[in-house]
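Commentary on secondary and tertiary structure
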Amino acid sequence: MATTQTKPKTPAKQAAAKSGAATGSQKEPKTLHDLLEEALKDIYSAEMQLTEALPLMAKACESEDLQDAFTNHLQQTKRHAERLEKVFNRLGIDKSEIETCKAMQGLIAEAKKIMEEFEESPVRDSALIIAAQKVEHYEIASYGSICELCDVLGHRKTGELLGRTLDEEEETDELLTDIAQEINDEACDMSEGQGEEEEEDEDET
Ligand SMILES: [Fe+2]
């Protein structure tokens, strides 16, 4: 019976074979520009998902202040998406290949669960603020890192434009914190005597 013998591979060849070079499927290493492009597409998907979720959240609020905050942020969110479209044009990014941002999908699913499970009340408003602030923090982290990448890569104009969006996300987060103070007091009054006991002060390590 004939036997076939193969030459032992050198470590470099073994590594190349592992990464797919031997089959011609080797991918180019990703660059910082790729990272920026992926981050921009991710936040664009997030903003587009939010434009659908915010009207539902505004409708579900009892507090007029909170309803106004969500409605105003919807207008801002539409502007944020437009700014990203400008950036795609400027940087030559094809926005037809955008994957759904899974993180935003999950955060919106949490908000929808609140709308299903809580009756309309200050407690539901408190829960919606928490859900909305999780969304804002995701956006703040995303735009913060995008602005840093723009800075490093020398995209000064893009960094400035998206820096405006970052400021607006931070302002929305602060506004929600302010609204929460009043709503949480109301929610707390509503919940008084419903089984909760005050914690005793004790030293914790
Ligand atoms: Fe936004």
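None of the values given here were measured: they were computed from a predicted structure.

Given a rise of 1.5 Å per residue, 36 residues ought to cover 52 Å, and the 50 Å separating the end C-alpha atoms of helix H6 (residues 156–191) matches this to within 8%. The axis of H6 is deflected most strongly, by about 30°, at Ala-180. Every buried residue belonging to H6 is among Thr-158, Leu-162, Thr-165, Glu-169, Thr-172, Leu-176, Ile-179 and Ile-183, and all of these are buried. Buried residues along H6 sit in contact with helix H3 (64–91) and helix H5 (122–153).

The biggest cluster of nonpolar side chains holds 35 residues, and the ones touching the most others in it are Met-57, Leu-66, Leu-128 and Ile-146. Residue assignment for this core shows that the elements contributing at least two residues are helix H2 (32–59), H3, helix H4 (102–117), H5 and H6. The element that contributes the greatest number of residues to this core is H5, accounting for 10 residues. In contact with Ile-146, not counting residues within four places along its chain, are Leu-36, Ala-39, Leu-40, Ile-43 and Leu-162.

With respect to the helices and strands, Lys-78 occurs in helix H3. Residue classification places Lys-78 among the partly exposed residues on the basis of 15 C-beta atoms within 10 Å. Residues Lys-78 and Glu-47 lie 31 residues apart in sequence; the distance between their C-alpha atoms is 7.6 Å.

The next subject is the confidence of the model for the protein chain. Per-residue confidence for the protein chain averages 88 on the pLDDT scale, and 83% of its residues sit at or above 70. Per-element mean pLDDT across the protein chain ranges from 46 in helix H1 (residues 11–18) up to 98 in H2. Contacts for the low-pLDDT stretch residues 1–22, under 50 throughout, to residues beyond four places or in other chains number nine contacts.

Our next topic: the packing of H2 against H3. At a minimum axis separation of 9 Å, H2 and H3 run at an interaxial angle of 155°. By the angle between their axes, H2 is roughly antiparallel relative to H3. Judged by the sense of rotation from one axis to the other, the crossing of H2 with H3 is left-handed. Here H2 contributes Leu-40, Ile-43, Tyr-44, Glu-47, Met-48, Leu-50, Thr-51, Leu-54, Pro-55, Met-57 and Ala-58 to the contact with H3, which in turn contributes Gln-67, Phe-70, Thr-71, His-73, Leu-74, Thr-77, Lys-78, His-80, Ala-81, Leu-84 and Val-87. For the contact of H2 with H3, the per-class residue count stands at 14 nonpolar, six polar and two charged.

Rules used throughout
- Residues numbered from 1 in each chain as written.
- Predicted model: local features only at pLDDT ≥ 70, side-chain atom pairs only at ≥ 80, totals over all residues.
- Helix = DSSP H or I, 4+ residues; strand = E, 2+ residues; numbered from the N terminus.
- Expected span 1.5 Å × (residues − 1).
- Bend = angle between axes of the 7 residues up to and from the residue.
- Buried ≥ 20, exposed ≤ 12 C-beta atoms within 10 Å, placed from the backbone.
- Contact = placed C-beta atoms within 7 Å.
- Core = buried A, V, L, I, M, F, W, Y, C linked by C-beta atoms within 7 Å.
- pLDDT = per-residue confidence, 0-100.
- Axes fitted to C-alpha atoms, helices over the stretch in contact; angles between N-to-C directions.
- Parallel < 35°, antiparallel > 145°, perpendicular 65-115°, else oblique.
- Left-handed = near helix turned anticlockwise from the far one by under 90°.
- Nonpolar A, V, L, I, M, F, W, Y, C, P; charged D, E, K, R; others polar.

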